[in-house]
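# Structure at a glance
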Amino acid sequence: MTLPPGAPLAADGRSQRPPSASDSSRPAFPDQPGFQGGSEISDPPLLSALTTFRVGGPARRFVIARTEADLIAAVRAADARGEPVLLVGGGSNLLVADDGFPGLVVLVALRGFAAQPDGDGLGAVASAGEPWDDFVVWTLAHGRTGAEALSGIPGTVGAAPVQNIGAYGAEAADVIASVRVFDRQRDEVRTFTAADCGFGYRTSLFKQTPDRYVVLSVGCRFQPGPLSAPIAYSELAHYLGVEAGQQVRATFVRSAVLTIRGTKGMLPDPGDPDTWSAGSFFKNPVLPSAQAVRLPAAAPRWAQSDGTVKVSAAWLIEQAGFSKGYGAGPARLSSRHVLALTNRGTATAADLLALAAAVRDGVRSAYGVTLEPEPVLVGCRLPD
Ligand SMILES: Cc1cc2nc3c(=O)[nH]c(=O)nc-3n(C[C@H](O)[C@H](O)[C@H](O)COP(=O)(O)OP(=O)(O)OC[C@H]3O[C@@H](n4cnc5c(N)ncnc54)[C@H](O)[C@@H]3O)c2cc1C
């Protein structure tokens, strides 16, 4: 699919949109008056103001990019200076060091989405800074299905292909048709088809090649409504009262997913410290079958097409002795979901990393499985 070049997309129907789950996920800071798109902010913020973990020290320099031209110009100029760049969307998958970021932080704030005719007219394209969940709402309101199980995921459209966001049996790769990027190495705008994006479980070419690609917009391809994609997750099917593989109204799937996510603290809520997190902190480990078979039979697992086995990280964590709410200080596991590390108010990045290392080590000594973090760690890493 060829995406429209350069110009910002029309914000089709935005004023009619109902509030979406992600509206509260974007930090309040960028929309405060006084911040001009594209111009450098003289008093850079703390990264804690830009991330859902609410941790992270100061940015050395800071720009809000509201147009593609501003975004490309800011990144190009930093590259020419040899200065590191950190792209921030909703800040919902970032754990930034307490020392902050020693370079340019660019808040990606390009907005707009539009229908994109492609034969049967079920394509759509969204700018990188649109909240992902606003896009999902828009697709459903415009008769497009396929993204409903991805409802309520915080963050932006531009970050969605980076880790190939996924939930409830769906992933962004199911609907993404193309990704338009600024390639910092080649200094040009390029469009990747989905097949070239290297999508995998919580990964992509863009995640595997850090510091090269700036996502500008994402083109998607949907199915005609009103029915959802086949339900591919047993918990969701159970909630909806159907068998896995069945289809129901896509709007029912969205409602069900939002309800389930809410019970787990997986919807952003500024008043709820269980959501001051990056969602799941650990990926489900994908193991060779010979290793998976040695785990207790009760461990939930999913056979993969390449013969490996994906195992529930939440089960391993809980069975290794880390229950909901685990932790004594300001960094604790969520009181509703052991996979989420949370900041109870005054946690630092170091506190969260220490908790993450304790969980990783506990699971490793109980089951010989090393959990890998899902969020992007900036300027910090899990202690060995
Ligand atoms: C409560 C909660 C629930 C969550 N649930 C889920 C879930 O169900 N499934 C799931 O997959 N994730 C989940 N997440 C994680 C997170 O929401 C997603 O990973 C999301 O896609 C991150 O988007 P963001 O805009 O906040 O990215 P950020 O956190 O701002 O950035 C993440 C990475 O993407 C890069 N990036 C951002 N914008 C661009 C761009 N335009 N071009 C290139 N690189 C860019 C950043 O540099 C960084 O490396 C959850 C998080 C929270 C807080």
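Along each chain, the written sequence defines residue order, and numbers are assigned to residues from 1. For this predicted model, a pLDDT threshold of at least 70 governs which residues receive local features, and a threshold of 80 or more governs which side-chain atom pairs are given and counted, while totals over whole chains, interfaces and linings are taken from all residues.

What follows covers the sheet that holds strand β15 (residues 301–303). The strand order β14-β16-β15 describes an open sheet built from three strands, whose pairing is antiparallel. Bordering the open sheet on either side are β14 (286–287) and β15, each of which pairs with just one other strand. Summarising the sheet, β15 and strand β16 (residues 309–311) pair through three bridges and their orientation is antiparallel. Each residue of the ladder has a partner; that of Ala303, found in β16, is Val309. Strand pairing is assigned whenever DSSP identifies at least 2 bridges connecting the two strands. Every helix listed is a DSSP run of H or I at least four residues long, and every strand listed is a run of E at least two residues long, numbered separately from the N terminus.

Further remarks concern the site of the ligand. Surveying the vicinity of the ligand reveals 35 residues, the closest of which are Gly89, Gly90, Gly155, Gly158 and Gly279. Elements that contribute at least two residues to the shell around the ligand include exactly β2 (85–88), β8 (166–167) and β12 (213–221). Classes in brief: Ala, Val, Leu, Ile, Met, Phe, Trp, Tyr, Cys and Pro nonpolar; Asp, Glu, Lys and Arg charged; the others, Gly included, polar. Considered class by class, the residues forming the shell around the ligand number 21 nonpolar, 14 polar and no charged. The C-beta atom of each residue is placed using the backbone, and any residue whose C-beta lies within 6 Å of a molecule or strand is treated as near it.

A word on the environment of Lys207. Summarising the element assignment, Lys207 is placed in helix α3 (residues 205–208). Separated by 163 residues in sequence, Lys207 and Pro44 have C-alpha atoms that sit 26 Å apart. Those residues in contact with Lys207 that lie beyond four places of it in its chain are Val162 and Gln163. With C-beta atoms placed from the backbone, a contact is any residue pair whose C-beta atoms sit within 7 Å.

An order of β1-β4-β2 is seen for the three strands of this open sheet, with the pairing classed as parallel. Of all the strands in the sheet, the pair left with one neighbour each is β1 (59–65) and β2. Strand-to-strand twist of the sheet, defined as the mean angle between neighbouring strand axes without regard to direction, takes the value 25°. Inspection of the sheet shows β2 paired to strand β4 (residues 101–108) by four bridges, in the parallel sense. Paired with Leu86 across the bridge in β4 is Val105. To get an axis, a line is fitted to the C-alpha atoms, and for a helix only the part in contact is used. The angle between two axes follows their N-to-C directions and goes from 0 to 180 degrees. Where helix α1 (residues 68–81) meets the sheet, it contacts β1, β2 and β4, and its direction lies at approximately 170° from that of β4.

Another point: helix α5 (residues 250–263). Between its first and last C-alpha, α5 extends 20 Å over 14 residues, near the 20 Å set by a 1.5 Å rise per residue. For α5, the set of buried residues is Ala250, Val253, Arg254, Ala256, Val257 and Arg261. In an axial view of α5, the angular spread of the buried residues amounts to 170°, which keeps them on one side of the axis. Residues of α5 that are exposed and point over 90 degrees away from its buried face: Thr259 and Thr263. Buried residues in α5 make contact with α2 (132–141), β7 (144–145) and α4 (234–240). To estimate the expected span of a helix, count its residues, drop one, and scale the result by 1.5 Å. Three exposure classes are used, all based on how many other C-beta atoms lie within 10 Å of a residue's own C-beta (placed from the backbone): buried at 20 or more, exposed at 12 or fewer, and partly exposed between those limits. Comment: arc refers to directions from the helix axis out to C-beta atoms.

To define a nonpolar core, we join buried Ala, Val, Leu, Ile, Met, Phe, Trp, Tyr and Cys residues through C-beta atoms within 7 Å and take the resulting set. Grouped together as the largest cluster of nonpolar side chains are 106 residues, with contacts concentrated most on Ala65, Val106, Val108, Val215 and Leu352. When residues in this core are grouped by element, the largest group, eight residues, is from helix α8 (residues 349–367). Dropping the residues within four chain positions of it, Leu352 is found in contact with Phe53, Val55, Leu95, Ala331, Leu341, Asn343 and Ala347.

Our next topic: the pairing of β12. The side chains of a regular strand alternate, first on one face of the sheet and then on the other. When you tally the buried positions in β12, you get nine out of nine residues, the bulk of the element. Summarising the sheet, strand β6 (residues 123–127) and β12 pair through five bridges and their orientation is antiparallel. By the bridge assignment, Ser127 is partnered in β12 with Ser217. Of the pairings in the sheet, the one linking strand β10 (residues 176–183) to β12 comprises seven bridges and is antiparallel in character. Pairing of Asp183 across the sheet is with Tyr213, part of β12.

Below, the discussion takes up the environment of Ser289. By the element assignment, Ser289 lies in helix α6 (residues 289–292). On the neighbour-count criterion, Ser289 (12 C-beta atoms within 10 Å) is exposed. C-alpha separation for the pair Ser289 and Gly307, spaced 18 residues apart in sequence, amounts to 6.7 Å. Apart from residues lying up to four places away in sequence, Ser289 is in contact with Gly307, Thr308 and Val309.

Mapped onto the elements of the fold, Gly121 is located in the loop between β5 (113–116) and β6. The class of Gly121 is partly exposed, set by 14 C-beta atoms lying within 10 Å. Considered as a pair, Gly121 and Arg66 are 55 residues apart in the sequence and their alpha carbons are 28 Å apart.

Scored between 0 and 100, pLDDT is the confidence that the predictor attaches to each residue. Within the chain, residue pLDDT values average 90, and 90% of them lie at 70 or more. In the model, residues 1–8 has pLDDT below 50 throughout and makes 19 contacts with residues more than four positions away in sequence or in other chains. In the model, residues 10–36 has pLDDT below 50 throughout and makes 53 contacts with residues more than four positions away in sequence or in other chains.

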